[in-house]
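# Summary of structural features
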Amino acid sequence: MHGVFKDIMGHERQKALISSILKKERVPHAFLFSGLEGIGKKTFAISIARKLLCQTGEDCGFCRSCMKVKKLTHPDLLVLDHQYLEWATSLHGKKNLKENGEQIKEVSSISIDFIRGNEEKKIKGINEEVIRHPHEGKKRIIIIDNIENLTNDAANAFLKTLEEPPDYNMFFLITSREGDVPVTIKSRCVKVLFNPLPQDLIKGYFMNTLEVEEKRADLISSISQGSIGNGIFWLEDKNLEIRRILGELILGKKKSHVLITLVSEHIAKGNRECSIFIGFLLSLFRDMFMIKKMDNASCVINKDFAEVIENSVYNLEWIEASIKKIKETAVIMKYNINKWLMFENLLYNIMG
Ligand SMILES: [Zn+2]
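Residues numbered from 1 in each chain as written. Predicted model: local features only at pLDDT ≥ 70, side-chain atom pairs only at ≥ 80, totals over all residues.

## As for the overall build of the protein
Summing up its helical and strand segments, the protein has 18 helices and five strands in all. The C-alpha radius of gyration computed for the protein amounts to 22 Å, which stays within 12% of the reference 20 Å derived for 352 residues, consistent with globular compactness. C-alpha atoms of the protein, sized along the principal axes, occupy 65 × 45 × 35 Å. Buried residues in the protein amount to 35% of all 352 residues. Expressed as a percentage of contacts within the protein between residues at least 6 apart in sequence, the contacts between residues at least 24 apart total 66%. (Helix = DSSP H or I, 4+ residues; strand = E, 2+ residues; numbered from the N terminus. Rg over C-alpha atoms; globule rule 2.2 N^0.38 Å. Buried ≥ 20, exposed ≤ 12 C-beta atoms within 10 Å, placed from the backbone. Contact = placed C-beta atoms within 7 Å.)

## Observations regarding the sheet that holds strand E4 (residues 169–175)
Strand order in the open sheet made by the five strands is E2-E3-E4-E1-E5, with parallel pairing throughout. Of all strands in the sheet, those bounded by a partner on one side alone are strand E2 (77–80) and strand E5 (190–193). Strand-to-strand twist across the sheet, computed as the mean angle between neighbouring axes with direction ignored, equals 15°. Bridging between strand E1 (residues 30–34) and E5 involves four bridges; their strand directions are parallel. Along E5, the bridge assignment pairs Ser34 with Leu193. (Pairing = 2+ DSSP bridges. Axes fitted to C-alpha atoms, helices over the stretch in contact; angles between N-to-C directions.)

## Focus on the confidence of the model for the protein
Chain-level pLDDT for the protein is 88 on average; 93% of the residues reach the 70-or-more range. Overall, residues 95–106 carries pLDDT values under 50, and its contacts beyond four positions in sequence, including any with other chains, amount to 11 contacts. (pLDDT = per-residue confidence, 0-100.)

## Description of the pairing of E1
Consecutive residues of a regular strand have side chains that alternate between opposite faces of the sheet. The element E1 is largely enclosed, with a buried count of four among its five residues. Of the pairings in the sheet, the one linking E1 to E4 comprises five bridges and is parallel in character. Note on E4: the bridge partner recorded for Phe33 is Ile174.

## Digging into the packing of helix H15 (residues 271–292) against helix H17 (residues 316–333)
Across the interface, H15 lies against H17 with an axial gap of 10 Å and an inter-helix angle of 160°. As judged from the angle between their axes, H15 and H17 are roughly antiparallel. Here the hand of the crossing between H15 and H17 comes out left-handed. Between H15 and H17, the residues in contact are Cys274, Ile278, Leu281, Leu282, Phe285, Met288, Phe289 and Lys292 and Leu316, Ile319, Ser322, Ile323, Ile326, Thr329, Ala330 and Met333, respectively. Looking at side-chain class alone, the contact of H15 with H17 contains 13 nonpolar, two polar and one charged residues. (Parallel < 35°, antiparallel > 145°, perpendicular 65-115°, else oblique. Left-handed = near helix turned anticlockwise from the far one by under 90°. Nonpolar A, V, L, I, M, F, W, Y, C, P; charged D, E, K, R; others polar.)

## With respect to unusual backbone geometry
Positioned with a positive phi, Leu72 is a non-glycine residue whose angle comes to about 60°. Here Leu72 shows up in the loop between helix H3 (64–70) and E2. Of the residues examined, Leu72 has 15 C-beta atoms within 10 Å and is grouped as partly exposed. Residues other than glycine seldom take positive phi values, yet Gln225 does so here, at roughly 55°. Within the element layout of this structure, Gln225 appears in the loop between helix H11 (214–223) and helix H12 (228–235). When the 22 C-beta atoms within 10 Å are taken as the criterion, Gln225 is described as buried.

Following this line, the structure appears as structure tokens:
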């Protein structure tokens, strides 16, 4: 297994587990990678694909296969993720995805077209792909991100394939919401659980690899909640600025309709924005709770707001009610099309 996983940070237990499984005579054909969003589950699966498809069998990183896997153009690697769904949907004339709620919904769910195929829409179905022999190597790797987004029809159509695929196929199903994955799918997979990365590992990555200065790397690693993906999100000035405005609105309890509309619009742009900012709000109220109720500032996540929280008076009931409200919104948001309005409502609700 020389060289494999060399580009993956952390997740040592998972590396050892997968390495030992791949050495076995009979390798399971389906895995479920479960864990927080943005902690590298898909990158991990792609790294396994590179190892399995590499012409030297070593994940050399330089052969034709390795290069193609890196560019996601290898014919024996199918990656069904958000980019692919968006691409496939725009192909048959569904543009302006961000302006029409219906279409956003369609893009984030994995419809039966992606399992059975749809000639008219030029979508290749997984079920018809898996029965073909691999084009170049001995294996075909199929990665499906956000497997919880399979529609019921799609999940049913996929089950048989997942149960008895021709043996040159390997599936890596990925989820950050394991509770929403149908049990029938889960039960056919070997589950690998991914943990959040330690904060110092993330800080080191941002300082050494991305050359972020220490103070900024310190804050970003603290608010990333164990996820490099989240950290990269916070590297963008615009996102950090929206976070600052949001924090000041809540901690200052100043209702500004203009600002509330502005931040809500930005946040409602996508599912990822929504879930990260909801996570931020939760962590902010959690910080208030830790400082005001537990008198414990040592494990504060949002260090840049700690001083304001310490020097202000907040009602504990308000903090607890807000935490409850945020959690409720997070659940409803998954099914609600008008995220902008939902977020705005939430802000008015938790600002007292
Ligand atoms: Zn190679």
